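Geometric and topological summary
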2 protein chains.
Amino acid sequence: MKAKALTSKGTRDFNSIQVFKRDYITNTIKSSFNKFGFSPIETPSFENTETLLGKYGDEGDRLIFKILKSGDFKKNITDTTLLSDDLKLISSTISDKALRYDLTIPFARYVVQNQNEINLPFKRYQIQLVWRADRPQKGRFREFLQCDADVIGSKSLLQEVDFIHLFSDVFKNLNIPNCKIRINHRKILIGLSEILNLENKLVELTVVLDKIDKIGLVKVVDQFIDLGLEESLRPFLIKYLSIDGDFDTRLNSLKTLFKSSKVGLEGVEDLSIINKLVIVDDLNTTKFVLDTSLARGLSYYTGAIFEVNASDDIDIGSIAAGGRYDDLTSVFGLNDVSGIGISFGLDRIYIVMDSMNLFPEFNTSNTKVLFTNSNSKYTKYIIEAVSCLRANNINSDFYPDISSLKKQLKYANNIQVPYVIIVEENEYESSSFCLKNMKDGTQRVVSIKEIIEILSEL
Amino acid sequence: MKAKALTSKGTRDFNSIQVFKRDYITNTIKSSFNKFGFSPIETPSFENTETLLGKYGDEGDRLIFKILKSGDFKKNITDTTLLSDDLKLISSTISDKALRYDLTIPFARYVVQNQNEINLPFKRYQIQLVWRADRPQKGRFREFLQCDADVIGSKSLLQEVDFIHLFSDVFKNLNIPNCKIRINHRKILIGLSEILNLENKLVELTVVLDKIDKIGLVKVVDQFIDLGLEESLRPFLIKYLSIDGDFDTRLNSLKTLFKSSKVGLEGVEDLSIINKLVIVDDLNTTKFVLDTSLARGLSYYTGAIFEVNASDDIDIGSIAAGGRYDDLTSVFGLNDVSGIGISFGLDRIYIVMDSMNLFPEFNTSNTKVLFTNSNSKYTKYIIEAVSCLRANNINSDFYPDISSLKKQLKYANNIQVPYVIIVEENEYESSSFCLKNMKDGTQRVVSIKEIIEILSEL
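Note that the structure is a prediction, hence the values are computed from the model and not measured. (Residues numbered from 1 in each chain as written. Chains lettered and ligands numbered in written order. Predicted model: local features only at pLDDT ≥ 70, side-chain atom pairs only at ≥ 80, totals over all residues. Heavy atoms only, no water.)

Some remarks on the packing of helix α15 (residues 379-391) of chain A against helix α18 (residues 448-456) of chain A
Residues and elements named next belong to chain A.
- Interaxial distance between α15 and α18 falls to 11 Å at its minimum, and their mutual angle equals 40 degrees. With respect to α18, the axis of α15 lies oblique. Where α15 crosses over α18, the two elements pack in a sense that is right-handed. Every residue of α18 that contacts α15 at A385, C388 and L389 is listed here: I448, I451, I452 and L455. (Axes fitted to C-alpha atoms, helices over the stretch in contact; angles between N-to-C directions. Helix = DSSP H or I, 4+ residues; strand = E, 2+ residues; numbered from the N terminus. Parallel < 35°, antiparallel > 145°, perpendicular 65-115°, else oblique. Left-handed = near helix turned anticlockwise from the far one by under 90°. Contact = heavy atoms within 4.5 Å.)

Focus: the interface of chain B and chain A
- Taken together, the contacts link 108 residues of chain B with 108 residues of chain A.
- Surface buried jointly by chain B and chain A totals about 9,100 Å² across both partners, of which 56% is contributed by carbon and sulfur atoms.
- Contact with chain A buries area across many residues of chain B, yet K35, F46 and R390 of chain B alone supply 7% of it, more than any other trio.
- There are six salt bridges connecting chain B and chain A.
- Residues R109 of chain A and D13 of chain B are paired through a salt bridge, measuring 2.6 Å at the closest nitrogen-oxygen approach. (Buried area = accessible area lost by both parts, 1.4 Å probe. Salt bridge = Lys/Arg side-chain N within 4 Å of Asp/Glu carboxyl O.)

Some words on the relation of the copies chain B and chain A
- With an RMSD of 0.0 Å, chain B superimposes on chain A once it is rotated by 180 degrees and translated 0.0 Å along the axis. The symmetry that links the two subunits is that of a two-fold axis. Distance from the rotation axis, computed per C-alpha, reaches its smallest value in chain B at I67 of chain B: 2.2 Å.
- Most of the interface of chain B is mirrored in chain A: 100% of its interface residues are interface residues there too. (Least-squares fit on C-alpha atoms with pLDDT ≥ 70 in both.)

Quick look at the side chain of S91 of chain A
- Tracing the chain through its elements places S91 of chain A in helix α5 (residues 87-94).
- Relative accessible area serves as the criterion here: at 10%, S91 of chain A is assigned to the buried category.
- Beyond its immediate stretch of four places on either side in the chain, S91 of chain A contacts K66 of chain A together with L68 and F73 of chain B. (Buried < 20%, exposed > 50% of the residue type's maximum accessible area, 1.4 Å probe, protein only.)

A closer look at the pairing of strand β9 (residues 304-309) of chain A
All names here are of chain A.
- Of all six residues in β9, six are buried; the element is thus mostly enclosed.
- Every second residue of β9 is oriented toward a common face, with A304, F306 and V308 on one face and I305, E307 and N309 on the other, all of them buried.
- Sheet topology note: the strand β7 (residues 180-185)/β9 ladder contains six bridges and is antiparallel. Across the sheet, residue I183 finds its bridge partner in β9, namely F306.
- With five bridges joining them, β9 and strand β10 (residues 318-326) adopt antiparallel strand pairing. Paired with N309 across the two strands is S318, which belongs to β10. (Pairing = 2+ DSSP bridges.)

With respect to the pattern of salt bridges
- Here the structure, examined in full by the defined rule, presents 48 salt bridges over all chains.
- A salt bridge links K180 of chain A to D312 of chain A; the shortest N-O distance between them is 4.0 Å. Placement of K180 of chain A in strand β7 and of D312 of chain A in the loop between β9 and β10 is noted, with a sequence separation of 132 residues between them.
- Residues joined by salt bridges that share partners form a network here, namely K123 and D162 of chain A together with R390 and D397 of chain B.

Description of the environment of L157 of chain B
Residues and elements named next belong to chain B.
- Within the secondary structure, L157 is located in the loop between β6 (143-152) and α7 (158-173).
- For L157, a relative accessible area of 16% puts it in the buried group.
- Put simply, L157 and L271 are 114 residues apart on the chain and 9.0 Å apart in space, counted from C-alpha to C-alpha.
- Contact partners of L157, with chain neighbours within four places excluded, come to D270, I273 and I274.

Digging into the side chain of Q146 of chain B
- Considering the arrangement of structural elements, one finds Q146 of chain B in strand β6.
- Beyond its immediate sequence surroundings of up to four residues, Q146 of chain B is in contact with D102, L103, Q126, I127, Q128, V130, R132, S343 and F344 of chain B.

Now the structure itself:
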């Protein structure tokens, strides 16, 4: 049976130029992570199912890829269960492992499992793949790379401040102009839910709030009414949603609005301290704004929350995000550890940079020079020269089969090699080489020493 | 429900020092791959099941991790099938994706799927994880990293020669001394099976042959008899297994032994050409030997086969391996494309380097300096200094919470930061900093400029 040569739905191959571009982004992020005091860790691609299930809500549970037990996966399941409609029970019996859904829960598991080895505050970064059984669509894949940095074991608001600096450092180094770091605070949202008598609908409230950019203020208010908002509280909600002005003005509006909400004011106070400590001069072209409609879906956030967007010209959603979470490790039995973390979305950053033409130029191949191969008589001569160039750290290669020069030059052109070396009788007899510049077509006869000099400068 | 904080069986977390060591190996390999003209590609972690099944033998099929369909995985299966013992049929109905088992089959799939985009000969490298449902044991894991380089679309024996040079380049750059590249040829093994009247038992023959290091010549001959070897052919087998001496001597013995085997002589001739072209002087301390007992398990090899072992003092099996395969892409419908490839096993190389103490020294953290934090009065002063150092590309951090100097210095020590900066009233008033060298304990008061000078040299 011949298998079809097709990648699985929602997954992608990357050719060399795509790998170079992706590495360019991750290396830039990595270098900022190192600059800001984070150290790398790596966790396995799959975890025991119980580590992941129940951490991302029902929708998350559904989107987690489960791995079939190896061997007799039916061993511990009764026929009755097998024939039942209880897909959850069946899958949790025939499967005991699942692919990583994000990097945060595995990190929490890591911290608890390795608590005797790590030093708090523990600053780690992790750049690894995650998998989600989402319906694939433009810019959304079933396998994608996340670049996360988290600090665990410190409640200091200096962490929030430092992550804001980190965001701007990354986007400065990637040359992405006019990014916008939006910040809000979960305690402000909790205060809002209390004042609106919607304490029990905090999750739904955040979902509706998040849509304001797409559906506008009026429809958001309508959906709040649908959630059960009393008519008398409509004016308050509109006031909240209409908060405007610079950071301090918005803070003052919030202070007035939330004067009766203890938790709300705690959130406002945190944002006020953070704002005072941020070094605005260092943010480059990145803007730092208070966005009271920012909500973030994930339920584990408890303090400040962030989202970063590229310039308004590009409609792609957030390219980085994060927030503070208290007690994430308590699901694994370790209490009272506060953490804060952010994540860069490689794919969206890639799309932004590609559309703004921000990548440096990459060739298909890193090879600097290709030796052509016209006669087996010269083979040893050529491979010794190749070996000599490589010993001088020059990426070098040869055409492996004897064929027409035309064909070999076409190949060199296709793989975008800047230089080709041609060896014929004259060169062979005089221990020299004909070096052809593939850009301008010029060629000259040179010694191996001269080749090393010319190519080392590339 | 509290989940246990435990990695799944056969998988591992890596802390920062382990990540640094692993990256040290992969970066060295990557740099050799680039030097030898290979370009990177990446393929998805999972493939459609039909892409992988049937490519690695029954044992391989068993060891492939299958991923449960998302949503209603029972939709297309009848109750009768579900209750049957046909695990293969059940799993292929409730699962349609599987985790990558090696990098070679996905590469063959890539070549066929992207055949209009690539240039033949196509040289690619791929450094990615693979997964096998093996029983975990010392040095064997369910998730591990492979570092592969392959050329597809060239039958030239210069490829074999170049891979031998590549092996030695990698181990020279990793400083692993006295490696041994063993070579043999599938055609010699086919010739052997013909002469021994065991043509139909080629796979079993290779399995037995591979054991000679462990069980010795006598037992190998016994097992050949068990396979059905006629008594009269025993002397030939013993002669074959007793081949000894340097490369040329062994080649001559093979020529004599296989004078009646056309296919056997083809293999001998290939090895003879390869041996003539290898630049022995460039192999450094790596030895290149013809090992007639080398067989390699994988069935897709058709030409030269390689295995590399570290020095005899370390009993860990091969640390790299490979071989030529014809027509691997034909399972995906693309015929007549010969390829050759090798793979470096990161985990075994890691064990060898660790046991021989070959890694450079790595600190837990890449941070060069940590600012202590004793009073909120100095906070802004400190974070501005940190920001200034980072702007000068110095990896810098601060202790986030105000606590005792003793505690903060202990933390600095634990994360292995070479310098600490202490700010008290004197420093704050005089716009200076107290720089403490954590190795020798000395400290002196310096300006930010001096800090940059001192730390830039680290």
